[in-house]
Amino acid sequence: MGAQKKGATARVSEDPEELARHPLQAILLADSFTTKFRPITLERPKVLLPLANIPMIDYTLAWLESAGVEEVFVFCCAHSKQVIDYLESSDWSSQPNFLVATIESHNSISAGDALRLIYERHVIHGDFVLISGDTVSNMSLTQALQEHKERRKKDANAIMTMVVKQSKPSPITQQSRLGTDELFMAINPDTKQLLCYEDKAEYSKGFISLDKTLIADNPSTVLHNDKQDCYIDICSEEVLSLFTDNFDYQHLRRHFVKGLLVDDIMGYKIFTHEIHSSYAARIDNFRSYDTISKDIIQRWTYPFVPDVLCGNSAIRVERRGTYRASEITLSRSAQIGPFIVIGQGTEIGNDTKISHSVIGEGCTIGSNVTIEGSYIWNNVTIEDGCELRHAIVCDGVTMKSGAVLEPGVVLSFKVVVGQQFVVPAYSMVSLLQQPTQQDSDEELEYADSSSGNVELPSAKLNGDITSDLSETRHGPTSELGTGGVGYIWSIFEGGHDEEWRHSVAPIPTDKLAKIMLDKDEDEELLTQDGNVLSPSGELKSDSDANDSEDGDNEGSRDDYVSFEKEVEATFLRAVHENVKVDHVILEVNALRLSYNMASVDCAGAIFYSMMKLAVESPHSSSSELHRNAADVITTWQNLLKSFLHDIDEEIEVILKFEEICLESAKEFSPLFAQTF
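Values in this document were obtained by computation on a predicted structure and should not be read as measured data.

Scoring rules and cut-offs
- Position labels on residues start from 1 in each chain and follow its written sequence.
- Reporting of local features is limited, given that this is a predicted model, to residues whose pLDDT is at least 70; pairs of side-chain atoms are given and counted only at 80 or more, and all residues count toward the totals for whole chains, interfaces and linings.
- Side-chain metrics rest on all non-hydrogen atoms present in the structure, leaving aside hydrogens and water.
- In this scheme, strands are said to pair when DSSP sees at least two bridges between them.
- Runs of H or I in DSSP of at least four residues are treated as helices and runs of E of at least two as strands, each being numbered from the N terminus.
- We call Phe, Tyr and Trp rings a pair once their centres come within 6.5 Å, taking the six-membered ring for Trp, and we label the pair stacked below 30 degrees between planes, edge-to-face above 60, and tilted otherwise.
- Burial here depends on accessible area, computed with a 1.4 Å probe over protein chains only, as a share of the maximum for the residue type. Under 20% is buried, over 50% is exposed, and the range in between is partly exposed.
- Put simply, a charge is over a ring when the Lys NZ or the Arg CZ is close to the ring centre, within 6 Å, and near the line of the ring normal, within 35 degrees.
- Lines fitted to C-alpha atoms define the axes, with helix axes restricted to the stretch in contact, and inter-axis angles between N-to-C directions lie between 0 and 180 degrees.
- When an angle is under 35 degrees it counts as roughly parallel; over 145 it counts as roughly antiparallel; between 65 and 115 it counts as roughly perpendicular; any other value is oblique.
- Any two residues whose heavy atoms approach within 4.5 Å are treated as being in contact.
- For this scheme, ten residues count as nonpolar: Ala, Val, Leu, Ile, Met, Phe, Trp, Tyr, Cys and Pro. Four count as charged, namely Asp, Glu, Lys and Arg, and the remainder, Gly too, count as polar.

### Section: the sheet that holds strand S26 (residues 381-382)
Sheet strands pair via backbone hydrogen bonds, and the direction of the pair is either parallel or antiparallel.
Item 1. Strand order in this open sheet of 6 strands is S17-S20-S23-S26-S29-S32, and the pairing throughout is parallel. Only two strands of the sheet have a single neighbouring strand rather than two, namely strand S17 (329-330) and strand S32 (416-417).
Item 2. Here S26 runs beside strand S29 (residues 398-399); their pairing, made up of 2 bridges, is parallel. Residue pairing in the sheet places isoleucine 382 in a bridge with methionine 399 of S29.

### Quick word on the packing of aromatic side chains
Each aromatic ring pair is specified by the distance between its two centres and by the angle formed by the two planes.
Item 1. Enumeration over the complete set of coordinates arrives at 8 aromatic pairs.
Item 2. Aromatic side chains tyrosine 289 and tryptophan 377 sit 6.4 Å apart centroid to centroid with 55° between the ring planes, which places their arrangement in the tilted category. Taken as a pair, tyrosine 289 in helix H9 (residues 286-297) and tryptophan 377 in the loop between strand S25 (375-376) and S26 lie far apart in primary sequence, 88 residues in all.
Item 3. Here tryptophan 377 falls in the buried class, since its relative accessible area comes to 2%.
Item 4. In this structure an aromatic cluster arises from ring pairing among Phe37, Phe286, Tyr289, Tyr375, Trp377 and Phe413.
Item 5. The ring of tyrosine 231 has arginine 282 lying over it, and the distance from NZ or CZ to the ring centre is 5.0 Å.

### A short note on the packing of helix H7 (residues 238-245) against helix H8 (residues 252-262)
Item 1. Packing of H7 against H8 leaves a shortest axis separation of 12 Å and a crossing angle of 100°. Looking at the two axes, H7 sits roughly perpendicular to H8. Of the residues in H8, those touching H7 at Val239, Leu242 and Phe243 are Leu252, Phe256 and Leu260.
Item 2. Counted by class, the contact of H7 with H8 contains 6 nonpolar, no polar and no charged residues.

### So, the sheet that holds strand S9 (residues 184-187)
Item 1. In spatial order, the strands read S10-S9-S11; together these 3 strands make up an open sheet with antiparallel pairing. Both edges of this open sheet fall to strand S10 (194-198) and strand S11 (222-224), since each of them pairs with a single strand only. Mean inter-strand twist for the sheet, computed between neighbouring axes without regard to direction, equals 15°.
Item 2. Pairing analysis gives 4 bridges linking S9 to S10, with the strands arranged antiparallel. Along S10, the bridge assignment pairs alanine 186 with cysteine 196.

### Digging into unusual backbone geometry
Item 1. Cis geometry is found at the peptide bond from arginine 38 to proline 39, where omega equals 5°.
Item 2. Unlike most non-glycine residues, arginine 299 shows phi in positive territory, near 70°.
Item 3. On the basis of relative accessibility, which here comes to 28%, the residue arginine 299 falls in the partly exposed class.

### Points about helix H2 (residues 56-66)
Item 1. Counting buried residues in H2 gives 11 out of 11 residues, a clear majority hidden from the surface.
Item 2. Those residues of H2 that sit buried are Met56, Ile57, Asp58, Tyr59, Thr60, Leu61, Ala62, Trp63, Leu64, Glu65 and Ser66.

### Some points on the environment of valine 504
Item 1. Here valine 504 lies in the loop between helix H12 (496-501) and helix H13 (509-525).
Item 2. Considered as a pair, valine 504 and serine 374 are 130 residues apart in the sequence and their alpha carbons are 8.0 Å apart.
Item 3. Excluding its chain neighbours within four sequence positions, the residues that come into contact with valine 504 are Phe286, Arg287, Asp290, His390, Ala391 and Ile392.

### Points about the pairing of S9
Item 1. Both faces of S9 are covered, namely the face carrying Phe184 and Ala186 and the face carrying Met185 and Ile187.
Item 2. Counted along the chain from S9 to the antiparallel partner S10, the turn is 6 residues long, and its residue lysine 192 has a positive phi close to 70°.
Item 3. Pairing between S9 and S11: 3 bridges, direction antiparallel. The residue bridging alanine 186 from the neighbouring strand is leucine 223, located in S11.

So, to be careful, I would describe these as geometric facts and stop short of saying anything about function.
Next up, the structure:
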């Protein structure tokens with residue numbers, strides 16, 4: 001699908017005098033320089049993978065154009081011909097006042113190599129935007145550019161501004177909702193200068209180290225673990241020359257950013273620009289692919305959404321977040337749930353159930369098929385009676401009747417799953433044999449599938465059937481059923497955690513329970529012989545802790561307000577994404593531990609969230625509001641009951657409802673007696 005939507009997005013105006021000197025330029029890295037999307041990226045570049053049925057790179061280019069960028073240099077290495085052919089055949093090749101040029105290399109294996117080559121070409125003149133082609137955003141660049149330029153006038157060493165936004169990681173997994181590791185940033189709150197950047201903190205030690213000279217030089221320093229790196233950078237020309245001068249700079253963050261932060265000789269500085277109401281996120285793994293896809297479908301990225309990018313004539317948005325192409329064949333008995341995208345020319349058979357999924361173009365889906373939370377790309381055939389839950393199915397795949405994909409499965413291009421075969425959870429299946437060794441994430445994907453680097457055959461799927469996934473990975477692999485075609489890739493040592501942490505599937509309950517158990521044990525170790533470890537890292541005696549109790553009480557109300565907001569966000573996500581109750585219980589329990597709350601506090605916060613949802617749902621009378629409340633309580637009663645252990649706690653919830661009726665939702669007042 002080409003980019004066909006240029007009239008729909010508002011162009012951000014920039015300083016005309018600055019633009020008169022030179023156009024705003026951007027460097028777009030089309031290579032992801034990561035192995036996290038294998039085996040898919042052995043056959044197709046990541047930036048051309050569909051995101052709500054539109055190639056990723058289209059979102060990035062559409063945003064750059066709307067933000068006032070006039071020249072974009074697309075650097076491509078792996079699968080460069082596919083990227084170049086796509087751009088030349090799309091509308092991007094003929095946009096007025098928006099030049100898209102490609103720079104091709106077959107020798108670059110890192111972002112550092114790419115930027116060194118671009119520097120040698122002498123195509124960048126002045127400040128530029130550095131971004132990868134797997135980034136989705138709708139932010140305005142005006143303020144960030146202005147801040148960067150004003151800092152440069154005062155301090156020539158201010159060579160880079162990183163865009164960040166708030167994103168509190170899960171207290172259970174220490175991951176963001178994008179599946180990335182918890183990120184620690186030390187930032188001067190007055191100047192916004194970045195002082196420390198740590199994305200691989202030593203969680204087992206329970207602390208990270210900061211150079212004491214950093215604190216001495218910056219008396220006002222805030223350490224954040226609630227910031228998300230958007231991977232959108234505004235850079236001065238010196239950034240390119242620094243990569244040329246330092247050949248050990250390969251990774252943008254791990255080497256370049258950290259290198260500048262510890263270099264006290266040159267004195268170069270990096271600053272941050274935080275966005276609040278705008279959207280910006282990078283697709284780094286399968287979990288972020290899933291999360292950003294849902295955000296697009298729920299229109300958080302507006303105007304960069306399917307109906308605008310493709311045009312209303314090609315696809316229309318309907319109620320409950322459903323997007324339908326103009327020409328599809330849909331059986332009357334098919335059940336289409338919320339937050340669905342259905343592409344052009346797709347056929348869906350009788351009694352098929354689809355929810356929270358994306359269906360590509362030209363797909364044929366039979367009868368009695370169940371698809372939940374999955375991504376079906378183009379020209380896929382799914383025969384009668386198949387089941388797919390939280391899976392990715394690439395172009396040209398065929399699933400024969402009765403086949404089942406368990407959560408987390410990825411089927412690469414043109415794989416065939418045989419009749420009645422069950423593909424085990426988290427399996428990666430490809431027509432290509434598995435490479436002999438796993439490359440690190442600092443290395444580029446293989447240039448193409450015929451490069452000679454994919455030599456070692458994983459056991460072909462033509463042996464005896466086995467139900468034991470561990471045998472599949474370490475011994476002879478099972479076949480994909482009758483007529484199945486493909487290889488199941490084995491999991492390299494140390495890669496098992498990557499499966500569930502980075503999958504499109506929800507994290508299994510048993511994994512969350514184990515993590516919580518480990519956290520409880522770690523917290524016990526932090527209490528040593530009657531001494532309490534304070535948040536600052538100092539050991540305080542019990543008497544000292546008691547002395548500070550009065551001061552702690554002052555902040556307890558603020559803590560509860562923050563806790564209530566966190567619970568509400570968790571509850572709403574569960575409602576919109578159909579999260580299982582068991583998973584919600586675990587997440588709320590983790591918040592309880594994080595904020596040191598009681599079970600009844602959890603129940604009160606959950607009930608508040610339920611009533612707020614009822615009030616915000618459409619209603620035109622008191623009876624409809626009562627019905628909304630009754631429906632929410634009925635649907636989520638098991639969640640509420642799990643935090644209520646006796647009659648006293650139930651009375652506390654009734655008192656909470658009384659408070660709601662008197663303060664935040666007075667329309668419930670006449671319904672108080674009816675509700676209970």
